Amino acid sequence: MSGMNQYQVVDGSEQALRDGTIKLHGPEAFEGMRKAGLLAAENLDALAPLVQPGVTTQALDNFVREFTLDHGAVPATLGYRGYAHSCCISINHVVCHGIPSDKALKDGDIVNIDVTPLLDGWHGDSSRMFLVGDVPLKARRLVDVTHECLMLGIAEARPGKHLGDIGAAIQAHAEANRYGVVREFCGHGLGRLFHDAPEVVHAGRAGTGPELRPGMFFTIEPMINLGKPAVKLLSDGWTAVTRDKSLSAQFEHSIGITEDGCEIFTLSPAGRDKPPYV
């Protein structure tokens, strides 16, 4: 969106419209997002011991679906624009939106699992990287730096700052480590809608873009490539991969801007926000 952004104060109980406005939410909405975000985090916590060599991504997707339904929610991705699975699972050079299948994980893989439970009308959107078996040092380093990028971006998320400050912090850290920052996919507003304004680009210039105001909800989800930033979409219409076939990593949190900073809705209650998941 341009510098002419419109903000809209919304009641947490009303039907949200995807009308291009940046929604500003109140206490009821924060409580709804805390519950949905916690469920997303607990789902990713529960997945950790299952991500092992020989396990298929379809088996992991089945677990996500059953866990979500057992906890009174539904997977937001199931049926979304024709998508037939309960999560996205992206392995190695897959940047995002990898489709679960009978493909088995292999020793040395790095894997992103992205879950979005829809609980009582609120979306809890989060993803983490998982290390499969004995992962090479360069891949583990990419995963570590990607999580650092996420947290540096979140550190910029407070009233009076701009979305460009988040992107600039992420880009600076990634490029200081000679990694590429994906531009084609970005974070997004969310709440009662799965995807809403604003778009949260993970590269940019400080001081630009929409101003951050209390009540804004959005995801920060940098995709960082070991090689160049360019990606391409496969013929299935979902799976995005690095053009140079280099490894890619991603972490995602859903946050809300508060009066003096931000609240991370999707933090792991067990402290398992990045590997190794002891």
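This write-up is about the structure you can find in this document. (Residues numbered from 1 in each chain as written. Predicted model: local features only at pLDDT ≥ 70, side-chain atom pairs only at ≥ 80, totals over all residues. Heavy atoms only, no water.)

### What about the overall build of the protein?
Convention followed: The numbering of helices and of strands both runs from the N terminus, where a helix is a DSSP run of H or I of at least 4 residues and a strand a run of E of at least 2. Based on C-alpha atoms, the radius of gyration is set beside the globule rule, defined as 2.2 Å times the residue count to the power 0.38. Residue contacts follow a heavy-atom distance rule, with two residues in contact if any of their heavy atoms lie within 4.5 Å. We score Asp and Glu as negative and Lys and Arg as positive, and we do not count His or the chain ends. To locate a charge, take atom NZ for lysine, CZ for arginine, CG for aspartate or CD for glutamate.
Each helix and strand counted, the protein has four helices and 19 strands in total. Over its C-alpha trace the protein gives a radius of gyration of 17 Å, about what one expects of a compact globule, namely 19 Å for 278 residues. Taking the principal axes of the C-alpha coordinates as reference, the protein spans close to 50 × 45 × 35 Å. Summarising the internal contacts of the protein: among those between residues at least 6 apart in sequence, 69% fall at separations of at least 24. Taken together, the 25 basic and 34 acidic charged side chains of the protein have centroids lying 8 Å from each other.

### Description of the packing of aromatic side chains
Using the following cut-off: For Phe, Tyr and Trp, where Trp contributes only its six-membered ring, two rings pair if their centres lie within 6.5 Å, and the inter-plane angle classes them as stacked under 30 degrees, edge-to-face over 60, or tilted in between. Relative accessibility thresholds used throughout: buried, under 20% of the residue-type maximum; exposed, over 50%; partly exposed, between the two (1.4 Å probe, protein chains only). Cation placement over rings: the criterion is NZ of Lys or CZ of Arg within 6 Å of the ring centroid and within 35° of the ring normal.
Summed over all chains, the structure comprises seven aromatic pairs. Ring plane angle 85° and centroid distance 5.3 Å describe the contact between Phe 217 and Phe 265, whose orientation is recorded as edge-to-face. Of this pair, Phe 217 sits in strand 13 (residues 217–220) while Phe 265 sits in the segment after strand 19 (262–264), placing them 48 residues apart in sequence. Of the two residues, Phe 217 and Phe 265, both sit in the buried class. An aromatic cluster is defined as three or more aromatic residues linked by ring pairs; in this entry it consists of Phe 30, Phe 217 and Phe 265. The ring of Tyr 7 has Arg 213 lying over it, and the distance from NZ or CZ to the ring centre is 3.7 Å.

### What about the environment of His 253?
Quick reminder of the rule: Polar contacts here mean pairs of N or O atoms no more than 3.5 Å apart (in protein, one a potential hydrogen donor and the other a potential acceptor; neighbouring residues in sequence count only if both atoms are side-chain atoms).
With respect to the secondary-structure elements, His 253 resides in strand 18 (residues 253–257). Here the alpha-carbon distance between His 253 and Ile 154, two residues 99 residues apart in the chain, equals 8.8 Å. Contact partners of His 253, with chain neighbours within four places excluded, come to Asp 125, Ser 126, Leu 150, Met 151, Ile 154, Phe 218, Thr 219, Ile 220, Ile 264, Thr 266, Leu 267 and Asp 273. A polar atom in the side chain of His 253 sits 2.7 Å from the side chain of Thr 266.

### Quick look at the pairing of strand 13
Residues in a regular strand point their side chains to alternate faces of the sheet. The condition is simple: Any two strands with at least two DSSP-identified bridges between them are counted as paired.
Residues Phe 217 and Thr 219 point to one face of strand 13 and Phe 218 and Ile 220 to the other, with burial holding for every one of them. Where strand 13 lies against strand 18, four bridges are found, and the strand directions are antiparallel. Residue pairing in the sheet places Phe 218 in a bridge with Ile 255 of strand 18.

### A look at the packing of helix 1 (residues 27–47) against helix 2 (residues 57–70)
Describing two packed helices takes the angle between their axes plus the distance from one axis to the other. Using the following cut-off: Simply put, an axis is a line fit to the C-alpha atoms, just over the touching stretch for a helix, and the angle between two N-to-C directions goes from 0 to 180 degrees. Roughly parallel means an angle under 35 degrees; roughly antiparallel, over 145; roughly perpendicular, 65 to 115; everything else is oblique. By the definition used in this description, the sense in which the near helix is turned from the far one sets the handedness, with an anticlockwise turn below a right angle giving left-handed and a clockwise turn giving right-handed. When residue character is reported, Ala, Val, Leu, Ile, Met, Phe, Trp, Tyr, Cys and Pro are called nonpolar, Asp, Glu, Lys and Arg charged, and the others, Gly included, polar.
Helix 2 packs onto helix 1 with a crossing angle of 140° between their chain directions and a minimal axis gap of 10 Å. As judged from the angle between their axes, helix 1 and helix 2 are oblique. Considering how the two elements wind past one another, helix 1 and helix 2 form a crossing that is right-handed. Touching Leu 39, Glu 42, Asn 43, Ala 46 and Leu 47 of helix 1 are Leu 60, Phe 63, Val 64, Phe 67 and Thr 68, all from helix 2. Partitioning the contact of helix 1 with helix 2 into residue classes produces seven nonpolar, two polar and one charged.

### A closer look at the sheet that holds strand 15 (residues 231–233)
Spatially, three strands are ordered 5-16-15 in an open sheet, and the strand pairing comes out antiparallel. Each edge of the sheet is formed by a strand with only one pairing partner; in this case those strands are strand 5 (94–96) and strand 15. Averaged over all pairs of adjacent strands, the angle between their axes in this sheet comes to 40°, without regard to strand direction. Of the pairings in the sheet, the one linking strand 5 to strand 16 (residues 240–242) comprises two bridges and is antiparallel in character. Across the sheet, the residue bridging to Cys 96 is Ala 240, located in strand 16.

### Quick notes on helix 4 (residues 163–176)
Quick reminder of the rule: One fewer than the residue count of a helix, multiplied by 1.5 Å, yields its expected span.
Between its terminal C-alpha atoms helix 4 stretches 20 Å, which fits the 20 Å expected from 14 residues at 1.5 Å a residue. Helix 4 sits mainly inside the fold: 10 of its 14 residues count as buried. Tucked inside the fold, the buried residues of helix 4 contact helix 3 (137–155), strand 10 (180–181), strand 12 (196–200), strand 13 and strand 14 (223–225). Following helix 4 by one or two positions, Arg 178 adopts a phi angle in the positive range, close to 65°.

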